[in-house]
Amino acid sequence: MSASPFDDWIAHDEEIVELLAREWERQTTTLQLIASENFTSPAVLAATGSILTNKYAEGYPGRRYYGGNQVVDEVEDLARRRLVALFGADHANVQPHSGANANVAVYQALVDPGATILAMRLDQGGHLTHGSPVSMTSKAWHFVSYGVTPRSDDPDQPGEVIDFDNVRELAIAHRPALIVAGATAYARRIDPVPFREIADEVGALLMFDSAHVAGLVAGGVHPSPVPYADVVTFTTHKTLRGPRGGAIVCREQYAKAIDSAVFPGQQGGPLEHVIAAKAVAFREAAQPSFARYATRVVTNARAFAAALADQGFRLVSGATENHMVLVDLRQFDPDLTGKTAQEVLDRAGITTNRNQIPYDPRSPFIASGLRVGTAAQTTAGMGEGEFVTIAGLMARALRHRDDDAELARVREDVAQLCHDFNPYATFTG
Ligand SMILES: *Cc1c(COP(=O)(O)O)cnc(C)c1O
């Protein structure tokens, strides 16, 4: 078993060292196709593992409740400045511990309890924090949900794209205080302009949740929602390739309300080690090499989608325009559920997640779809050819799902591919 380069730091704790070594093995010998994951740089890892974790810093730079924050204030200010510059925003808050926290903070800042928020349906691509019954958001606010257009067999108009007529009708009927754009399982580009127009028509504020596509926006391959939305939330660990966490940018007029909602409204002390790592990631995302990365993520996804279609999988909405591909498994094999497909692929060393597709007859736990993404393996250096190979490996594993020997052979091919594209190879020698 190969040791990770970070083991020395905790060498005395054998149990954790052993678990880290196993996870290192998993991440470097199996394919990471979960659309919300990535491989961070060693610089991001180092900042996340830094002594800044020792510091309490409730409050904001220059206005802390504890002493000793001279350095930490500069760290957080640097992160905020880099983020404001990256997205051309008025104001940034880098404290949210996660994307979910960022979203709830915005609702808390801008929407009275019980007032109406219009967001995307969870079973058609929205996020739990967009008002799912199992999320506290649905208990504190009244959510109305828009969806996607029906599927059609016309290849030029495949459907399953955001239904802006539906968004507008619901906005007029329910007069929401806030409209939420953005999705967690949606392979098309989301245009902020029609959302802005509808929000203006009904006097609603607009929040754009760009958790998934923040890296594509930073890299210039997706339209920036910042000029159109009152507030933009995102995660820092998906396509943006930073540490696990959230962030918010907003117009100046909402800065105070947003800051107060994050702290003390929701959170206690900020994770300044993670904020340092966010600063590292924002700097990385501003480099020309990151724009090239973002472009490759999208071209790889396009090649991956075409190759999956060639293997007999139906693509939800017929295409991809971002880093993810949503596959409807029923055409490939009507008996194959998302749950089984995910489990079979796991055995073949291919990490994915099952996902509901629009109007899915199966429950979220079983599901008829699979979601895959290119962000992580593109970081590892893979290109279009490798993603065509991966589509073939996925189809092979799923066709031979009852054949252990064939699954073992797929796993060997996967391991070889991962050996040739180790994201940390240049750093571990
Ligand atoms: C991932 C995601 C979130 C939440 O991020 P966490 O860091 O997991 O809390 C919120 N919104 C959308 C659209 C997401 O995809």
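Data block above holds the structure.
First, a word on what this report is: a plain description of the structure on this page. All of these numbers come straight from a predicted model, not from anything done at the bench.

## Overview of unusual backbone geometry
Next up, step 1: In this chain, Phe263 is followed by Pro264 through a cis amide linkage whose omega measures 5°.
Next up, step 2: Relative to the assigned elements, Pro264 resides in the loop between α9 (255–262) and α10 (272–285).

## Examining the pairing of strand β9 (residues 231–235)
Next up, step 1: Across the five residues that make up β9, a large majority, five, are buried.
Next up, step 2: Burial of the side chains of β9 extends over both faces: Val231, Thr233 and Thr235 are buried on one face and Val232 and Phe234 on the other.
Next up, step 3: Here strand β8 (residues 205–209) runs beside β9; their pairing, made up of three bridges, is parallel. Within β9, the residue paired with Asp209 across the bridge is Thr233.
Next up, step 4: Pairing between β9 and strand β10 (residues 246–250): five bridges, direction antiparallel. Paired with Thr235 across the bridge in β10 is Gly246.

## Some details on the sheet that holds strand β12 (residues 324–328)
Next up, step 1: One open sheet holds the four strands; their spatial order is β11-β12-β15-β14, and the pairing between them is antiparallel. The outermost strands of the open sheet, each flanked by one partner alone, are β11 (314–315) and β14 (353–355).
Next up, step 2: Note: β14 against strand β15 (residues 369–373), three bridges, orientation antiparallel. Its bridge partner lying in β15, Asn353 is registered against Arg371.
Next up, step 3: In the packing of helix α12 (residues 338–347) onto the sheet, contacts are made with β14 and β15, and the angle to β15 comes to roughly 45°.

## Things to note about the site of the ligand
Next up, step 1: With respect to spatial proximity, 13 residues lie near the ligand, and among them Gly99, Ala100, Thr184, Asp209 and Lys238 are the closest.
Next up, step 2: Interatomic distance of 2.9 Å between a backbone N/O atom of Gly99 and an oxygen atom of the ligand.
Next up, step 3: Look at the ligand: alone it shows 390 Å² of surface, and the protein chains cover 86% of it.
Next up, step 4: For the shell around the ligand, the element with the most residues is helix α4 (residues 99–110), which contributes three residues.
Next up, step 5: Of the residues in the shell around the ligand, the class split is three nonpolar, eight polar and two charged.

Rules used throughout
- Residues numbered from 1 in each chain as written.
- Predicted model: local features only at pLDDT ≥ 70, side-chain atom pairs only at ≥ 80, totals over all residues.
- Heavy atoms only, no water.
- Helix = DSSP H or I, 4+ residues; strand = E, 2+ residues; numbered from the N terminus.
- Buried < 20%, exposed > 50% of the residue type's maximum accessible area, 1.4 Å probe, protein only.
- Pairing = 2+ DSSP bridges.
- Contact = heavy atoms within 4.5 Å.
- Axes fitted to C-alpha atoms, helices over the stretch in contact; angles between N-to-C directions.
- Near = heavy atom within 4 Å.
- Polar contact = N/O pair within 3.5 Å; in protein donor to acceptor, adjacent residues only side chain to side chain.
- Areas by Shrake-Rupley, 256 points an atom, 1.4 Å probe, with all protein chains shown as cover.
- Nonpolar A, V, L, I, M, F, W, Y, C, P; charged D, E, K, R; others polar.

Everything listed here is a matter of coordinates, which is why it stays silent on function.
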